[in-house]
Each structure stands twice: as C-alpha cells, then as structure tokens.
Amino acid sequence: MTQSEFGIFQERQRGSFIRLRTMIWLRWCAIVGQLAAITLAQKFYNLQLEVGLCYLAVGVSIVGNLIAIFVFPENKRLNEAENFLMVLFDLLQLCFLIYLTGGLHNPFTILILGPVIVSATIMTLRSTIIIGATALTLVTLMVFFHLPLRTEQGFIMRIADVFVFGQWTAITIAVIFLSLYARQITEEMNSMGDAVVATQMALSRTQMLNNLGGVVAAAAHELGTPLATIKLASAELIEDLADKPELQDDARLIRQQADRCRDILQSMGRAGKEDLQIRSAPLVEMIREAAEPHLNRGKDVLIETLGSDDEVLSLPLALRRPEIIHGLRNLIQNAVDFARATVWVEARWTENEVSIRIMDDGPGYPTNMLGRIGDPFVRNRRTERDRTARPEYEGMGLGLFIAKTLLQRSGAELSFANGADKVNGSSQRRGAVVEVVWPRDAIVPPSLPKGEGIGENPSFEA
C-alpha cells in the first residue's frame, strides 16, 4: 500500500461527512430547550428577563433552520467551512442568551461545552481551536459583562464571587479537557476505520489477482493445443517454402509469434492456477512466493530453516491463503526498505506451532515507537540523514498494520523487537525483528489418509 493510494485517508475533510439535516435536528432540540427554559423562568419563577431580546435570539435560530430546510436538499452534506459557521453561530447565539440571563450566575452556562465538543468531533484541528478559543473568550467576558437576573420584587440573583471564579475555572478546564478527549477518541476511530478499509482493499485485490490468475491459467491450458497446431503448421510451411524466401520469412514470423503467445500465457498463469494441488505448498516455498517481488531490489533476502536434518525432511506444508502471503510480503517489504544489505527470513516449526522470524541489518525500530508498531497511520519523524539515504520512502504505518491485521486473521500472533543479541553466531542481525507464530493447526493443512485423493479440480465456466 502506497501513500498515493491512501493519501485520501490522511487529507480528507472530516466535516464533509455530516448531513445538514443532522445539524438542523440538533438545533431544533436546542431551540425547544431554550424556549422551555425562558418560559419556565418567566411564568413559574417570575424572573424579570429581557424577553424580547431572548425571543429574538431564539427566533434567529428558527429562521436559520427554516431557510436551511427549504433552500437546501435533504441529502446535502456540509463542508468544513459550512460546519464551522453553523457551530460558531450556535455558540454565539447561546452565549448571547446566557449574557441576557445572568452570565456565569446562570447554571445553564455549562451548555457552552456542547458546540465545543461537536467541533472537536467533526472538524479539523484549526476549526476546533478557533471554536474553543471563542468559547473561552466569551465565558471570560461574561464574568464581568452580563445582564443580572432579577426576581419579581427586583432582587438580583447572584452567587458568591468565589463560586463565579470556580465556575469559570471549571468551564475552562472542561473546554480544554473534553475537546482533547473527544478529538483524540475520534481520531483513533477514524484512523482505525480508514486502516480497516485499506486492509480490506489489500485483501480484496490479492484475491482478485488470484482469481484472475486462475482464469489466465485455464486460458493458457485451453489455448495450448491451437498454438501447438499453429506452430506445427508453420514449421511445415517453412519446409515447403524453401524456394520462396519471402514467404518463408512470413512463416518463421508466425512460428515466433506463436512461441511468444505461449510464453506470455505461461508467465501470466504461473502463479494463479486454481488447482487443489497448490492450495498448500512447502513452508519455504510459500515464504519465497511472498518475498518474490522484493528479491531484486538490491538487498539479499535469505530464507533459512532451523533444525536438525530430520526436521528439515519433515518440512511442513502451509496453506497458500492470500492473507498469509500478503501479510508476509508486507513484513518482508518493510525489512527490505530499512535493511542496509541483507534480510533474513527464518522458518521454525514444532509439533504444536509454526513460526517465521524476519530480521534485517538496518537501524531497527525507534525505541519510542516499539509500543505502537502495528497501529495505523503511525509515522516517526524522518531525519535529514534518512531522507538522503531513502528519499523515495514515504511510510504511513499502513503496511505493518495491514500485515498485522491479515496475519492475526489467519490465527497468528505477532511480536516486534530489535535484534540486540547475536543470532546464529552472527552479529549482523541487529536491526528490526518481527516474529509471526501460528498454532500448527492454523497454517498446516490436515494430512489425508493414505490412498485418499484430493478431489476434482473445479471447472471453469465462461
């Protein structure tokens, strides 16, 4: 997975996914609550309010909602700027109502947190900072500037200054903390959702290529006979046209092109045959298939088996599942990207488990990132030396996440470390180390009883 394929996940406008109808519905809820609070305060508690200004503020929200309903289509989704303006308007309208009804002496001041949390959830960092700063500024101003709440007898309702300061402090802390909390949780959810989509795309593409390879293999098999016939006929024409050099050259060209068609079909269908006999393969061959795209990238990829001679003879078969091959391929790609000269892939097996360890002679994982290896969209800041050594590399953390997700889906457990100790008597393997461990039953196909066939190959239908 490259940065160009998944750049959309990083650069997307988060606010563009919110429907206008959702914001309108939320505003209607706020309007109902505001009207109820004003009515109760005036009718049941006989508080002296600036009723005209209060209803004017609520009326502006009602007019805005009605305009949005009749002007815009129901399925309209707001962009970042439109979302920002709507939330900013709601914040200003709410603060104006609180200014008219006692400022921080009004217990409903806590509702200011609503627009701030909404902005942290659906907007960019810049918009969230502006909304939060505006809220804190207005709350601070309302400590000194507000219309007092008066009873029917003219008494001013207010709380002690120390409680006003405490309420201001609590709202300030809540705005900052809840904004950070909501934004962090939302970022985690968005990153995980994007990365899961990327994983599904990778697996889907691998399965599609495998299916396409099976079709190509079938086509190569079916076209083998007519191509052989063309080659035989062209050979006879070459002999019969010995006295006509020009026509003989044409016959030779026909034979060459027939050979070329045969080679093309063989190369296209080599790795994609849908044959029951190759649904499993020796473990080392499966590792070699996963490493094949990275064998000619200027680094040595050495595949080794560890154990006694008897264990080598009993090298297990492994299921050729797309998620296993693709996951190992991503791990090997990461090792090749960072290795100086050599990558080692070690295969081990016992009666209970099968493990594959991938090591390189590169700098290893940054120690501050070891606990986060395998999380989506995790990138360490690149140094100038690293940019000079590998200017083409633009990692996003997706490769390791995809590999980890696919391999865990196959039943494996992954561990990441740095090779601080000597391995097999060599001090070169001191870079990154990834170990993938499966229960033997999860990767080794069950053995068939002696004399039992593997069944018929599936037929290809046009």
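Residues numbered from 1 in each chain as written. Predicted model: local features only at pLDDT ≥ 70, side-chain atom pairs only at ≥ 80, totals over all residues. Heavy atoms only, no water.

1. With respect to the overall build of the chain
The helix and strand tally for the chain stands at 14 helices and nine strands. Looking at the chain residue by residue over its 462 residues, the buried ones come to 38%. Sequence separation of at least 24 residues holds for 77% of the intrachain contacts in the chain that already meet a minimum separation of 6. (Helix = DSSP H or I, 4+ residues; strand = E, 2+ residues; numbered from the N terminus. Buried < 20%, exposed > 50% of the residue type's maximum accessible area, 1.4 Å probe, protein only. Contact = heavy atoms within 4.5 Å.)

2. Observations concerning a nonpolar patch on the surface
Nonpolar side chains collect at one region of the surface, where Val63, Leu66, Ile67, Phe70, Val71 and Phe72 lie side by side and expose about 590 Å² of accessible area between them. A relative accessible area of 45% means that Val63 is categorised as partly exposed. (Patch = residues over 30% accessible without salt bridge, like charges linked within 9 Å, V, L, I, M, F, W, Y side chains within 5 Å. Areas by Shrake-Rupley, 256 points an atom, 1.4 Å probe, with all protein chains shown as cover. Salt bridge = Lys/Arg side-chain N within 4 Å of Asp/Glu carboxyl O.)

3. Topic: the pattern of salt bridges
Using the criterion set out here, one finds 11 salt bridges in the structure. Linking Asp337 and Arg297 is a salt bridge whose minimum nitrogen-to-oxygen distance equals 2.6 Å. Residue Asp337 is located in helix α11 (residues 322-338), and its partner Arg297 is located in the loop between α9 (283-291) and β4 (300-305); the two are separated by 40 residues in the primary sequence. A residue is classified by how much of its surface remains accessible, and Arg297, at 37% relative accessible area, is partly exposed. As a salt-bridge pair, Glu435 and Arg357 come within 3.9 Å of each other at their nearest N and O atoms. In this pair, Glu435 sits in strand β9 (residues 432-439) while Arg357 sits in strand β7 (residues 353-360), placing the two residues 78 residues apart along the sequence. A residue is classified by how much of its surface remains accessible, and Glu435, at 22% relative accessible area, is partly exposed.

4. Side note on the nonpolar core
Of all hydrophobic cores here, the largest spans 37 residues; its most connected members are Leu283, Leu331 and Trp438. Mapped by element, the contributors of at least two residues to this core are α9, α11, β6 (342-349), β7, α13 (398-409), β8 (413-418) and β9. In terms of residue count, the dominant contributor to this core is α11 (seven residues). Those residues in contact with Trp438 that sit more than four places away from it in its chain are Ile324, Leu328, Asn352, Glu353, Val354, Ile356, Leu407, Ser410, Gly411, Ala412 and Ile443. (Core = buried A, V, L, I, M, F, W, Y, C linked by side-chain atoms within 4.5 Å.)

5. Concerning the sheet that holds β4
Two strands in a sheet stick together by hydrogen bonds in their backbones, pointing the same way (parallel) or opposite ways (antiparallel). Taken together, the five strands give an open sheet; going across it, the order is β4-β6-β7-β9-β8, and neighbouring strands pair in mixed fashion. Only two strands of the sheet have a single partner each, and these edge strands are β4 and β8. Ignoring strand direction, the axes of neighbouring strands in this sheet form an average angle of 15 degrees. Here α9 sits on the sheet in contact with β4, β6 and β7, set at roughly 165 degrees to β4. Strands β4, β6, β7, β8 and β9 of the sheet are contacted by α11, whose axis makes an angle of about 25 degrees with β7. (Pairing = 2+ DSSP bridges. Axes fitted to C-alpha atoms, helices over the stretch in contact; angles between N-to-C directions.)

6. Here's the deal with the side chain of Thr128
Tracing the sequence through the fold places Thr128 in helix α6 (residues 125-144). When near neighbours in sequence (up to four residues on either side) are disregarded, Thr128 contacts Ser119, Ala120, Met123 and Arg183.

7. Things to note about the packing of helix α4 (residues 80-100) against helix α5 (residues 113-122)
At a closest axis distance of 9 Å, the pairing of α4 and α5 adopts a crossing angle of 170 degrees. By the criterion of interaxial angle, the relationship of α4 to α5 is roughly antiparallel. Relative to α5, α4 is oriented so that their crossing is left-handed. Taken together, the residues of α5 that come into contact with α4 (itself represented by Glu80, Asn83, Val87 and Leu91) are Pro115, Val118, Ser119 and Ile122. Among the residues making up the contact of α4 with α5, the classes are represented as five nonpolar, two polar and one charged. (Parallel < 35°, antiparallel > 145°, perpendicular 65-115°, else oblique. Left-handed = near helix turned anticlockwise from the far one by under 90°. Nonpolar A, V, L, I, M, F, W, Y, C, P; charged D, E, K, R; others polar.)

8. Structural notes on the confidence of the model for the chain
Per-chain confidence: the chain averages 78 in pLDDT, with 74% of residues scoring 70 or above. Of all helices and strands in the chain, the one with the weakest mean pLDDT is helix α1 (residues 3-11) (42), whereas α6 scores best (92). Considering only residues more than four positions removed or in separate chains, one finds that residues 1-13, a stretch of pLDDT under 50, has 27 contacts. Counting contacts from residues 271-277, a segment whose pLDDT is below 50, to residues more than four positions away or on other chains yields 19 contacts. (pLDDT = per-residue confidence, 0-100.)

9. Looking at the packing of aromatic side chains
Two aromatic rings, taken as a pair, are described by how far apart their centres are and by the angle between their planes. Here the structure, examined in full by the defined rule, presents four aromatic pairs. Seen in terms of ring centroids, Phe177 and Tyr181 are 6.1 Å apart; in terms of plane orientation they differ by 25 degrees. Their pairing is stacked. Here Phe177 pairs with Tyr181, and both are found in helix α7 (residues 161-240), just four residues apart, close to one helical turn. With respect to class, Phe177 is no different from Tyr181; both count as exposed. (Phe/Tyr/Trp six-rings, centres within 6.5 Å; stacked < 30°, edge-to-face > 60°.)

10. Overview of the packing of α5 against α6
Here α5 crosses α6 at 170 degrees, and the two axes come no closer than 9 Å. When the axis of α5 is compared with that of α6, the two are roughly antiparallel. Mapping the contact onto sequence places Pro115, Val116, Ser119 and Ala120 in α5 and Thr128, Ile131, Gly132 and Ala135 in α6. By residue class, the composition of the contact of α5 with α6 is five nonpolar, three polar and no charged.

11. Brief notes about α11
Under the 1.5 Å per step criterion, the end-to-end length of α11 is 25 Å for 17 residues, consistent within 8% with the ideal 24 Å. Of all 17 residues in α11, 14 are buried, a share of seventy percent or more. (Expected span 1.5 Å × (residues − 1).)

12. Digging into the environment of Ile18
Within the secondary structure layout, Ile18 lies in the loop between α1 and α2 (20-43). Put simply, Ile18 and Ile122 are 104 residues apart on the chain and 7.8 Å apart in space, counted from C-alpha to C-alpha.

13. Quick notes on unusual backbone geometry
In this structure, Asn46 takes a positive phi of about 55 degrees despite not being glycine. Locating Asn46 in the fold gives a position in the loop between α2 and α3 (51-71).

14. Brief notes about the side chain of Thr109
Looking at where Thr109 falls in the secondary structure, it is placed in the loop between α4 and α5. Looking at Thr109, its side chain comes within polar contact range of the main-chain oxygen of Asn106, at 2.6 Å. For Thr109, the contacting residues outside a window of four places in its chain are Ile98, Gly103, Leu104, Gln167 and Ile171. (Polar contact = N/O pair within 3.5 Å; in protein donor to acceptor, adjacent residues only side chain to side chain.)

15. Quick look at the pairing of β9
When β7 meets β9, the two strands line up antiparallel, connected through seven bridges. Note on β9: the bridge partner recorded for Ile358 is Val434. Sheet analysis places β8 next to β9, joined by six bridges and oriented antiparallel. Across the sheet, residue Phe416 finds its bridge partner in β9, namely Val434.

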